[in-house]
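Examining the three-dimensional arrangement
The chain contents come next:
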Amino acid sequence: MYSSTNNHVLNPPPFNPFNDPSQNPSSPLYIHPNENPSSILVSPVLSGGNYHSWSCSFCMALASKKKIGFLTSVIPIRTPDDPTYSSWERCNTLLMSWLINSVSPSIAHSIIYLDQAIDVWNDLRERFSQSNLLCIAELQEEIYVLKQGSLTVTDFFTNLKATWEELDNFRPLTPCNC
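Residues numbered from 1 in each chain as written. Predicted model: local features only at pLDDT ≥ 70, side-chain atom pairs only at ≥ 80, totals over all residues. Heavy atoms only, no water.

In a regular helix each residue adds 1.5 Å, so 17 residues correspond to 24 Å; helix H3 (residues 85-101) covers 24 Å between its end C-alpha atoms and thus fits that length. On its buried face, H3 sits against helix H1 (51-64), helix H2 (69-72), helix H4 (105-111) and helix H5 (117-128). (Helix = DSSP H or I, 4+ residues; strand = E, 2+ residues; numbered from the N terminus. Expected span 1.5 Å × (residues − 1). Contact = heavy atoms within 4.5 Å.)

Next comes the structure, spelled out in structure tokens:
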């Protein structure tokens, strides 16, 4: 609302950046000045065989930037008539750039024409997250033959734990129908 002063001049309400989600640092639609499309969020880039570790790293990076909801549908796709569409589109484009910069050139070429970050994410997951029986068998064998040898207990446990966690990522969770 506008308030009038004694000399009949209308004064606009003070600007409140928290009314505009793109200006509110706690909003997922906010883009920090240091966030730019040329950033590479994770290293090494996705090359195919490293999908599980790459996707975990990428999700952590996006969670820290409050943008993971774009890939999980928590932040819905906006339509052009939505007042936040331009902010959503800027964030979606930024995520697309981050994804493209975080994969190998050959993979980037296959996703460059997709329009939404969630579509890129789902495409990569469908192509690279399939449980691979050969990889599972290799990890199981690696765990079986792992010996402490000259490693410290800490180094041995770290290697064992990392291999177990990688193996767990290949085993899909069974859905609960509770």
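A few words on the environment of Ser 87. Inspection of the secondary structure assignment puts Ser 87 in helix H3. Assessed through its relative accessible area of 7%, Ser 87 is described here as buried. For Ser 87 and Gln 23, which are 64 residues apart along the polypeptide, the C-alpha to C-alpha distance reads 9.5 Å. Not counting chain neighbours up to four residues away, the residues in contact with Ser 87 comprise Asp 20, Ser 22 and Leu 29. (Buried < 20%, exposed > 50% of the residue type's maximum accessible area, 1.4 Å probe, protein only.)

Our focus in this paragraph is the packing of H1 against H5. Where H1 contacts H5, the axes come no closer than 10 Å and their chain directions differ by 155 degrees. Of the possible angle classes, the one that applies to H1 and H5 is roughly antiparallel. Viewed along their axes, H1 and H5 form a crossing whose handedness is left-handed. Residue-level inspection shows Tyr 51, His 52, Trp 54, Ser 55, Phe 58 and Cys 59 of H1 in contact with H5, the latter providing Trp 121, Leu 124, Arg 125 and Phe 128. When its residues are assigned to classes, the contact of H1 with H5 shows seven nonpolar, two polar and one charged. (Axes fitted to C-alpha atoms, helices over the stretch in contact; angles between N-to-C directions. Parallel < 35°, antiparallel > 145°, perpendicular 65-115°, else oblique. Left-handed = near helix turned anticlockwise from the far one by under 90°. Nonpolar A, V, L, I, M, F, W, Y, C, P; charged D, E, K, R; others polar.)

The next thing to look at is H1. Here H1 spans 20 Å end to end across 14 residues, near enough to the 20 Å set by a 1.5 Å rise per residue. Listing the buried residues of H1 in full gives Tyr 51, His 52, Trp 54, Ser 55, Phe 58, Ala 61 and Leu 62. The positive-phi residue at the C-terminal boundary of H1 is Lys 66, with phi of around 60 degrees.

Taken together, the side chains of Glu 138, Glu 141, Glu 142 and Glu 166 make up a negatively charged region of the molecular surface. Broken down by element, the negative patch gets its largest block of residues, three residues, from helix H6 (residues 133-145). Using a relative accessible area of 52% as the deciding quantity, one classes Glu 141 as exposed. (Patch = residues over 30% accessible without salt bridge, like charges linked within 9 Å, V, L, I, M, F, W, Y side chains within 5 Å. Areas by Shrake-Rupley, 256 points an atom, 1.4 Å probe, with all protein chains shown as cover. Salt bridge = Lys/Arg side-chain N within 4 Å of Asp/Glu carboxyl O. Lys, Arg positive; Asp, Glu negative; His and termini not counted. Charge placed at Lys NZ, Arg CZ, Asp CG, Glu CD.)

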